[in-house]
Amino acid sequence: MDVRPILKDKASMILLHPLAILLLALGFISCSGPSEDPAAWPTRPITISCLAAPGGGTDLVSRLMAEEMGKVLGVKINVVNRTEGGGAAAINHVAKSKRDGYQWGGFSELLLTKSVLGTSDATAKDWAFFAVAGSPGVLSVAPNSPHQSLDDLVEALRANPRSMKVGASIAGSVWHTKLLALERAAGVQFQFLPFQGSSPSQVAALTGEVDVVLTSISEQAELIKGDKLRPLAMIEMEPHEFNGATILAAGEKYPALAEVPVSQFLGLALPADTPAPILEKVTAAFEEVMALPALKETAKTRYLNLIGEHGETSLESNLAAEKVWTWKLYELGIAVKSPDEFGIAKP
């Protein structure tokens, strides 16, 4: 007599039956159900893995695009901040995800450096980019700082190297790279304190944990307008008009800054081998959102420069930036792996 319990759950029967176990092992039975037809996508919520902490530019753009693209696509888009490993957790999570269009990256230009920093195997060629916006970098101090100009700061550092703590995003980020370029061009050396994004580094400047902070004008805008930070210089080649005043460009005094032509971009990315019908829908939604008057107004009030690149145009831009950036980090001794290991040719 068969004394096995009578199982009403077919899934349980599959798990117990020896033949079913064998078929499952051989791949003839799938427990995950039928794959979704890309033509029907999306039918459930999407997740954006943001590589930066809440409060900064990457997080802002991720949440803004989640809200607007969710309306266009007709599904909820959630944002999860995965900052571990300097954002590598977010990059690797999306890179290893199923190619079903439900896992997006809320990324910045930092994505382009993770290969040579040794925290991800993904490079620019592995992604379909949707670049939303960017903002130039500004070096600022607290209002009570004794340094009234970039010249004051440079003179103090030449007299006493590493006497000032500077906060910026993690090693290899756009702001850290610009800081290195400034150090080399001006012949000075700061004491660099890395933070998991721009927002924490700005908080450190407000609390006095650091003497100087380098982030984007977009991220510092409200702090500058509220007299909580005082800008000394744009760490760019061009000055910047802000709130009725001109912030001078460090590149005018130190033209060697042009040797490190890195810039910020904030946006989204999906694995490049995502099914074409899904990428086509994402692209159509992206183009619709980028044309929204509300988005343009938000960019204006947040001091963001809209980019709106995608497809081959965005890929070519990022491949070119990746070459310059990864080799510069390798030259500066920041990279732990050579770009050669990833097939990235010298620019």
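Everything below is about the structure printed above this text.
The paragraphs below set out a description of the structure included in this document. Values in this document were obtained by computation on a predicted structure and should not be read as measured data. Each chain has its residues counted from 1, running along the sequence as written. With pLDDT at 70 or above as the cut-off, local features in this predicted model cover only qualifying residues; side-chain atom pairs require 80 or more to be listed or tallied, and sums for whole chains, interfaces and linings still use all residues. Only hydrogens and water are removed before side-chain values are computed, so all heavy atoms of the structure are retained for them.

Attention now moves to the overall build of the chain. A tally of helices and strands in the chain yields twelve helices and 13 strands. Relative accessibility decides the category of a residue: with a 1.4 Å probe and only protein chains considered, values under 20% of the type maximum give buried, values over 50% give exposed, and everything between is partly exposed. Expressed as a percentage of the 347 residues in the chain, the buried residues total 49%. Long-range pairs, those at least 24 residues apart, make up 73% of the contacts in the chain with a sequence separation of at least 6. Accessibility throughout is a Shrake-Rupley quantity obtained with a 1.4 Å probe, and a residue counts as covered only by protein chains that appear here. Carbon and sulfur atoms make up 55% of the accessible area of the chain, which amounts to about 16300 Å² in all. Secondary structure elements are taken from DSSP: a helix is a run of H or I of four residues or more, a strand is a run of E of two residues or more, and numbering for both begins at the N terminus. The contact criterion used throughout is that any non-hydrogen atoms of two residues lie within 4.5 Å.

With that out of the way, let us pick up the sheet that holds strand 4 (residues 127–134). The strands that make up a sheet are held in pairs by hydrogen bonds between backbone atoms, and each pair lies either parallel or antiparallel. Two strands qualify as a pair provided that DSSP identifies no fewer than 2 bridges between them. In spatial order, the strands read 2-1-3-12-4-13; together these six strands make up an open sheet with mixed pairing. Looking at strand neighbours, the two that pair on one side only are strand 2 (77–81) and strand 13 (305–310), the edges of this open sheet. Each adjacent strand pair in this sheet contributes to an overall mean axis angle of 25°, direction not counted. Relative to strand 12 (residues 266–271), strand 4 runs antiparallel, the two being bridged by six bridges. Counted as the bridge partner of Ala131 is Gly267 from strand 12. Contacts from helix 4 (residues 88–95) reach strand 1 (46–50), strand 3 (103–108), strand 4 and strand 12, with the element oriented near 145° to strand 3. All axes are obtained by fitting lines to C-alpha atoms, using only the stretch in contact for helices, and the reported angles, taken between N-to-C directions, cover 0 to 180 degrees.

This part is about the pattern of salt bridges. By definition, a salt bridge exists where a carboxyl oxygen of Asp or Glu is found within 4 Å of a side-chain nitrogen of Lys or Arg. In total, this model carries eleven salt bridges according to the counting rule given. In this structure, Glu331 and Arg184 form a salt bridge, with 2.9 Å as the shortest nitrogen-oxygen distance. Residue Glu331 is located in helix 12 (residues 311–331), and its partner Arg184 is located in helix 6 (residues 174–186); the two are separated by 147 residues in the primary sequence.

Spatial ordering of the open sheet is given by 7-6-8-5-9, a layout of five strands whose pairing is mixed. Each of the sheet's edge strands pairs with one partner strand only, and the pair in question is strand 7 (191–195) and strand 9 (230–234). Mean inter-strand twist for the sheet, computed between neighbouring axes without regard to direction, equals 30°. When strand 6 (residues 165–169) meets strand 8 (residues 212–216), the two strands line up parallel, connected through two bridges. When the sheet's bridge partners are listed, Gly167 is paired in strand 8 with Val213. Seen against the sheet, helix 8 (residues 217–225) touches strand 5 (137–141), strand 8 and strand 9 and runs at an angle of roughly 120° to strand 8.

With respect to burial, strand 1 is a largely interior element, five of its five residues being buried. Bridge count between strand 1 and strand 2: five bridges; the pairing is parallel. Opposite Cys50, over in strand 2, you have Asn81 as the bridge partner. In this region the chain leaves strand 1, passes through helix 3 (residues 57–73) and returns to the parallel neighbour strand 2; the handedness of that crossover is right-handed. A right-handed crossover is one whose linking path, passing over the helix from the first strand to the second, runs clockwise when the strands point away from the viewer.

One face of the sheet, then the other: side chains in a regular strand alternate in exactly this way. Two strands pair when backbone bridges link them, and strand 6 and strand 7 are joined in this way by five bridges, in the parallel orientation. Directly across from Lys165, in strand 7, lies its bridge partner Gln191. Handedness of the crossover is the feature at issue here: the chain leaves strand 6, passes through helix 6, returns alongside strand 7, and the resulting connection is right-handed.

Moving on, we come to unusual backbone geometry. With an omega dihedral of -5°, the bond running from Trp41 to Pro42 counts as a cis peptide bond. As for its placement among the helices and strands, Pro42 is situated in the loop between helix 2 (18–26) and strand 1. The residue Asp227 is not glycine, and still its phi comes out positive at about 60°. Secondary-structure assignment places Asp227 in the loop between helix 8 and strand 9. Residues other than glycine seldom take positive phi values, yet Tyr303 does so here, at roughly 55°. Following the sequence through the fold, Tyr303 ends up in the loop between helix 11 (293–301) and strand 13.

Glancing now at the side chain of Ser108. If you trace the backbone, Ser108 turns up in strand 3. Given the relative accessible area of 4%, Ser108 is considered buried. In this structure, Ser108 is in contact with Leu51, Thr58, Phe265 and Leu266, ignoring residues within four places of it in sequence.

What is shown is where atoms sit, not what they do.
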